[in-house]
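Observations on the three-dimensional arrangement
The lines below spell out each chain.
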Amino acid sequence: MKKLNIIYWSGTGNTEKMAELILEGAKGVDNLEAQMIDVSSASKKDVEECDLIALGCPSMGDEVLEEGEMEPFMESIEGSLSGKKIALFGSYGWGDGKWMRDWEERMNNCGGDLVDDGLIVNGEPSGDAVDQCKGLGKLLAES
Ligand SMILES: Cc1cc2nc3c(=O)[nH]c(=O)nc-3n(C[C@H](O)[C@H](O)[C@H](O)COP(=O)(O)O)c2cc1C
């Protein structure tokens, strides 16, 4: 049985909705135990104990991760990501996705194995974005 933890921060619920769709996509795959964990209750152990990780955070500040909870969490797990299969996702508003490009580079630099490009969705997921989120969950679950 493989284990997938979807760890996320979301202020107004858009990234949380992406997490729910990723979970839905992953749940179609056999032999997988998957759960969502709000970063405020996540620990390093939640990363160490799983095979597959999805990390979600919207673009905040000026094209950075949310600084109160998500950024410190990322710093705490960077040493535990080598060889892990990872998917990144998050919602954004007016930017061009720079926060996600920077986040991908950071994950590659600490040895994480990104299964796809980070998935970015403008505002709340709807239309094609719903399928993209579910597709990412399935891809990660099957990787
Ligand atoms: C304090 C703050 C800073 C933000 N900074 C950016 C930004 O730099 N670039 C961007 O594209 N969107 C930015 N946004 C917009 C959010 O990324 C967008 O509203 C997103 O949908 C929020 O996701 P959430 O509902 O998961 O919190 C910012 C929003 C807030 C509240």
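This report concerns the structure included in the present document. (Residues numbered from 1 in each chain as written. Predicted model: local features only at pLDDT ≥ 70, side-chain atom pairs only at ≥ 80, totals over all residues. Heavy atoms only, no water.)

1. Comments concerning the nonpolar core
What counts, and what does not: Among the buried residues, those of types Ala, Val, Leu, Ile, Met, Phe, Trp, Tyr and Cys that are joined through side-chain atoms within 4.5 Å form a nonpolar core. For every residue, the accessible area (1.4 Å probe, protein chains only) is compared with the maximum for its type, and the residue is labelled buried under 20%, exposed over 50%, or partly exposed between those bounds. In DSSP terms, a helix is any run of H or I states spanning at least four residues, a strand is any run of E spanning at least two, and both are numbered starting from the N terminus. By definition, residues are in contact when any of their heavy atoms lie within 4.5 Å.
Within the largest apolar cluster, 24 residues are counted, with the highest numbers of intra-cluster contacts made by Leu55, Trp103 and Met107. Mapped onto this core, the elements with two or more residues apiece are β3 (52-56), α3 (70-77), β4 (85-92) and α4 (98-109). Setting aside residues up to four positions removed in sequence, Met107 forms contacts with Leu55, Met74, Leu81, Ile86, Leu88, Gly112 and Leu114. Listed in part, the 23 residues of the second largest apolar core include Ile6, Ala19, Ile22 and Ala26.

2. Considering the side chain of Asn5
Which entries qualify depends on this criterion: Polar contact criterion, stated in full: a pair of N or O atoms within 3.5 Å, where within protein one must be able to donate a hydrogen and the other to accept it, and residues adjacent in sequence count only if both atoms are side-chain atoms.
Considering the arrangement of structural elements, one finds Asn5 in strand β1 (residues 2-8). For Asn5, a relative accessible area of 0% corresponds to the buried category. Separated by 3.0 Å, the side chains of Asn5 and Gln35 make a polar contact.

3. Details of the pattern of salt bridges
Convention followed: Basic side-chain nitrogens of Lys or Arg form a salt bridge, by our definition, when they fall within 4 Å of a carboxyl oxygen of Asp or Glu.
What the rule picks out here adds up to eleven salt bridges. Of the charged contacts, one joins Lys3 and Glu33 as a salt bridge, the two residues approaching to 3.6 Å between their closest N and O atoms. Of this pair, Lys3 sits in strand β1 while Glu33 is found in strand β2 (residues 32-38), placing the two residues 30 residues apart along the sequence. By relative accessible area, which is 19% here, Lys3 ends up buried. When its relative accessible area of 42% is taken as the criterion, Glu33 is described as partly exposed. When the shortest N-O distance is used, the salt bridge between Lys138 and Glu142 registers 3.3 Å. Of the two residues, Lys138 and Glu142 both sit in helix α5 (residues 128-142), four residues apart, roughly one turn of that helix. Connected through shared salt-bridge partners, Lys3, Glu33, Lys45 and Glu49 make up one network.

4. Quick look at the site of the ligand
Note the threshold: The cutoff for a nearby residue is simple: one of its non-hydrogen atoms must lie within 4 Å of the molecule or strand. Areas reported as accessible are Shrake-Rupley estimates using a 1.4 Å probe. Residue values count occlusion only from the protein chains shown. Asp, Glu, Lys and Arg are counted as charged, while Ala, Val, Leu, Ile, Met, Phe, Trp, Tyr, Cys and Pro are counted as nonpolar; the rest, among them Gly, fall into the polar class.
In the neighbourhood of the ligand, 18 residues make up the surrounding shell, with Ser10, Thr12, Ser59, Ser91 and Gly95 lying closest. With respect to the ligand, the backbone of Trp94 contributes an N or O atom lying 3.1 Å from an oxygen atom. One nitrogen or oxygen atom from the main chain of Gly95 is found 2.7 Å from an oxygen atom belonging to the ligand. The fraction of the free accessible surface of the ligand (640 Å²) that becomes covered by protein chains is 78%. Of all the elements in the fold, those that place two or more residues in the shell around the ligand are α1 (14-27) and β4. Grouping the constituent residues of the shell around the ligand by class yields four nonpolar, twelve polar and two charged.

5. Quick word on unusual backbone geometry
Of note, the phi angle at Asn31 is positive, near 60°, even though the residue is not glycine. Position of Asn31 among the secondary structure elements: in the loop between α1 and β2. Exposure remark for Asn31: the relative accessible area of 59% places this residue in the exposed category. A positive phi is found at Glu63, a non-glycine position, where the angle reads about 60°. Turning to its location among the elements, Glu63 is positioned in the loop between β3 and α3.

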